[in-house]
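Results of the structural survey
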Amino acid sequence: MTEVTGGTLDVGLGPIEYVEIGPATGEGEGQAPLVFLHEGLGSVELWRSFPTDVVAATGRRALVFSRHGYGASAVVREPRGVDYMHREGIDVLPAVLDALGYDDPVLVGHSDGASIALIAAGSGAVEPAGLVLLAPHVIVEDRSIEGIERAKQVYETTDMGTRMGRYHADADATFWGWNDIWLDPAFRAWDIRDVLAGVRCPTLCVQGVDDEYGTMRQLDEIADRVRGPVTRIELEDCGHAPHLDRPEATREAVTRFVADL
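Now for a quick tour of the structure. (Residues numbered from 1 in each chain as written. Predicted model: local features only at pLDDT ≥ 70, side-chain atom pairs only at ≥ 80, totals over all residues. Heavy atoms only, no water.)

Focus on the packing of helix 1 (residues 50-58) against helix 9 (residues 247-259)
Look at helix 1 against helix 9: their axes get within 10 Å of each other, and the N-to-C directions meet at 45°. For the element pair helix 1 / helix 9, the angle class is oblique. Classified by chirality, the crossing of helix 9 by helix 1 is right-handed. Touching Phe 50, Asp 53, Val 54, Ala 57 and Thr 58 of helix 1 are Pro 247, Thr 250, Arg 251, Val 254, Thr 255 and Val 258, all from helix 9. (Axes fitted to C-alpha atoms, helices over the stretch in contact; angles between N-to-C directions. Helix = DSSP H or I, 4+ residues; strand = E, 2+ residues; numbered from the N terminus. Parallel < 35°, antiparallel > 145°, perpendicular 65-115°, else oblique. Left-handed = near helix turned anticlockwise from the far one by under 90°. Contact = heavy atoms within 4.5 Å.)

Regarding the pairing of strand 1 (residues 3-11)
Of the pairings in the sheet, the one linking strand 1 to strand 2 (residues 14-22) comprises 9 bridges and is antiparallel in character. What sits directly across from Asp 10, in strand 2, is Pro 15. If you look at the hairpin formed by strand 1 and strand 2, you'll find 2 residues sitting between the two strands, and Gly 12 has a positive phi there, around 55°. (Pairing = 2+ DSSP bridges.)

Side note on a negative patch on the surface
A cluster of acidic residues, Asp 210, Glu 212, Glu 236, Asp 237 and Asp 245, forms a negative patch on the protein surface. Tracing the backbone through its elements, the reader meets Asp 210 in the loop between strand 7 (203-208) and helix 7 (217-225). Judged by its relative accessible area of 47%, Asp 210 is partly exposed. (Patch = residues over 30% accessible without salt bridge, like charges linked within 9 Å, V, L, I, M, F, W, Y side chains within 5 Å. Areas by Shrake-Rupley, 256 points an atom, 1.4 Å probe, with all protein chains shown as cover. Salt bridge = Lys/Arg side-chain N within 4 Å of Asp/Glu carboxyl O. Lys, Arg positive; Asp, Glu negative; His and termini not counted. Charge placed at Lys NZ, Arg CZ, Asp CG, Glu CD. Buried < 20%, exposed > 50% of the residue type's maximum accessible area, 1.4 Å probe, protein only.)

That is the geometry; function is a separate question.
Written out as structure tokens, the structure is:
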């Protein structure tokens with residue numbers, strides 16, 4: 001059995017929504033908690049059941065929150081800078097963890113969230129017990145830009161905005177805030193490989209073979225540069241969201257990984 005409680009926390013640009021998931025009473029004490037960091041168009045709700053399933057499998061408590069501009073958190077309409085993920089990893093994430101009492105967590109990040117986790121750990125802003133990186137980005141690839149250009153076309157020609165509106169306070173602000181910066185020519189130079197040598201904790205990398213936003217080069221760069229042990233999993237029949245496309249395999253990988261921390 002798990003217990004789920006929610007709330008809001010005022011940090012930085014305004015309030016953020018968060019959910020805490022606890023295992024059955026007496027379980028998880030003394031173990032590193034899990035902190036889930038969503039993708040570029042994600043939110044608390046868009047993780048679906050994955051955090052709760054991982055809590056049930058691992059017996060660890062977890063925190064899931066929507067960054068500013070996502071979900072029910074404060075809307076952000078100002079254009080993002082190329083350094084927006086650095087700001088999240090170095091400034092916002094440590095403030096959230098400190099305010100809610102999550103020390104030495106396992107950071108579980110998807111896409112942008114995985115990059116934020118790497119920045120936080122590699123810069124020393126957070127000292128995690130481990131990193132779980134689902135479809136991480138450390139450089140901008142041609143495939144990344146092609147996928148984001150396709151997403152722009154879909155948003156402009158379908159009801160994607162209406163569907164996103166079920167999960168975000170302002171779907172247009174959320175989509176264009178993400179899409180515009182990734183398609184800004186200045187963003188082609190975004191590169192976080194310089195922080196990877198600062199990552200000394202164990203790292204689990206999970207990526208789908210059919211990922212529409214990145215290639216296995218992302219995992220190659222991480223494995224070659226971080227200083228802690230790396231476990232690498234490549235999933236067949238899986239796109240950019242391993243926890244949704246291959247939930248059982250991804251959950252089992254995360255469960256095995258955290259059991260050794």
